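Chain and residue survey
This is what each chain is made of:
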Amino acid sequence: MGLRKRWTSRVLLIDGHERLLLLCGRDPRREGARWWFTVGGGVEDGEDCVRTALREVREETALSLPADRLGPVVWTRRTLFGVDGQGFDQYEEYRVVHVTAAEVAAMRVETDEARYGHRWWTVDELATTRETVWPKGMGDLLPPLLGRQEPGPRAPLHLGDFDIVEDKDVDKDEHGAVPDGRPAPHRPVRVSRRSGPGSGSA
């Protein structure tokens, strides 16, 4: 399965009850395969990541936002995965948008991406669910973005490099290279609830 390289811009939409909006996806070629993921998608020709984020929010929720509502990049992530017979080598950037009750009421999530459902998740639900949620560890990652830590600029937290096809971190040989010759990724960062973007240990 050849890999298609893709750069994506993803948005963490958080409401006034500190809940995160996630969409539900399935793979038509894998019976029962289901996962939850954030709003966002691939960068198109002529776009930067900010324009992509705003377009994806509009397309997936019918909510039009000005660029200044987007926060800075809080997480980055690289993932290798396959869906419906297509393989992807995907780099992801995550930004935060806190939405008002009026904006939540005005949302219309009726896109192809959410054809299998959508819902608002609390931190406790994310921490205890047995459902597949991407990125992994969302119950630990989300609290620092909810105003529970001291404010201030922070460098984006790199969540790691993952091979979701195999549901494992990308393997490396003794020389630090992956078997097929791809560049060796960084190890995933382990994050505690007290860790914020820019912190954590490999």
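For the structure given in this document, a descriptive report is provided here.

1. With respect to the overall build of the protein chain
Per the secondary structure count, the protein chain includes 4 helices and 9 strands. What you see in the protein chain, going N to C, is helices and strands ordered as β-β-β-β-α-β-β-α-β-α-α-β-β. In the protein chain, buried positions account for 45% of the 202 residues. Long-range contacts, defined as pairs at least 24 residues apart, comprise 66% of the intrachain contacts of the protein chain with a sequence gap of at least 6. By element, 47% of the accessible surface of the protein chain is carried by carbon and sulfur atoms, the whole surface being about 11,000 Å².

2. With respect to the nonpolar core
Counting residues in hydrophobic clusters, the biggest one holds 21 residues, and the most contacted among them are Leu 12, Leu 20, Trp 75, Leu 126 and Leu 142. Put simply, the parts of the chain that give this core at least two residues each are strand S1 (3–14), strand S2 (20–26), strand S5 (73–83), strand S6 (86–98), helix H3 (123–128), helix H4 (138–141) and strand S8 (157–163). The element best represented in this core is S2, accounting for 3 residues. When residues no more than four places from it in sequence are discounted, the contact partners of Leu 126 are Leu 20, Leu 22, Trp 121, Val 133, Met 138, Gly 139 and Leu 142.

3. Points about unusual backbone geometry
Pro 135 follows Trp 134 through a cis peptide bond whose omega is 0°. Counting through the fold element by element, Pro 135 comes out in the loop between H3 and H4. Positioned with a positive phi, Glu 18 is a non-glycine residue whose angle comes to about 60°. The topology assignment puts Glu 18 in the loop between S1 and S2. Assessed through its relative accessible area of 29%, Glu 18 is described here as partly exposed. In this structure, Ala 62 takes a positive phi of about 65° despite not being glycine. Within the secondary structure, Ala 62 sits in the loop between helix H1 (49–61) and S5.

4. A word on H1
Taking 1.5 Å per residue, 13 residues should reach 18 Å; H1 reaches 18 Å between its end C-alpha atoms and fits that length. What H1 keeps buried is the set Cys 49, Thr 52, Ala 53, Leu 54, Arg 55, Glu 56, Val 57, Glu 60 and Thr 61. N-cap assignment for H1: the residue whose side-chain oxygen lies 3.2 Å from the backbone N of Val 50 is Asp 48. Ala 62 lies just past H1 and shows a positive phi near 65°.

5. Re the pattern of salt bridges
Applying the stated rule across the entire model yields 11 salt bridges. For Asp 89, the salt bridge goes to Arg 78, with nearest N and O atoms at 2.9 Å. With Asp 89 in strand S6 and Arg 78 in strand S5, this pair connects stretches of sequence that are 11 residues apart. Arg 78 shares its class with Asp 89; the two are buried. Three or more residues are tied together by salt bridges with common partners; here these are Glu 44, Glu 47, Arg 55, Glu 56 and Glu 59.

Conventions and cut-offs
Residues numbered from 1 in each chain as written. Predicted model: local features only at pLDDT ≥ 70, side-chain atom pairs only at ≥ 80, totals over all residues. Heavy atoms only, no water. Helix = DSSP H or I, 4+ residues; strand = E, 2+ residues; numbered from the N terminus. Buried < 20%, exposed > 50% of the residue type's maximum accessible area, 1.4 Å probe, protein only. Contact = heavy atoms within 4.5 Å. Areas by Shrake-Rupley, 256 points an atom, 1.4 Å probe, with all protein chains shown as cover. Core = buried A, V, L, I, M, F, W, Y, C linked by side-chain atoms within 4.5 Å. Expected span 1.5 Å × (residues − 1). Polar contact = N/O pair within 3.5 Å; in protein donor to acceptor, adjacent residues only side chain to side chain. Salt bridge = Lys/Arg side-chain N within 4 Å of Asp/Glu carboxyl O.

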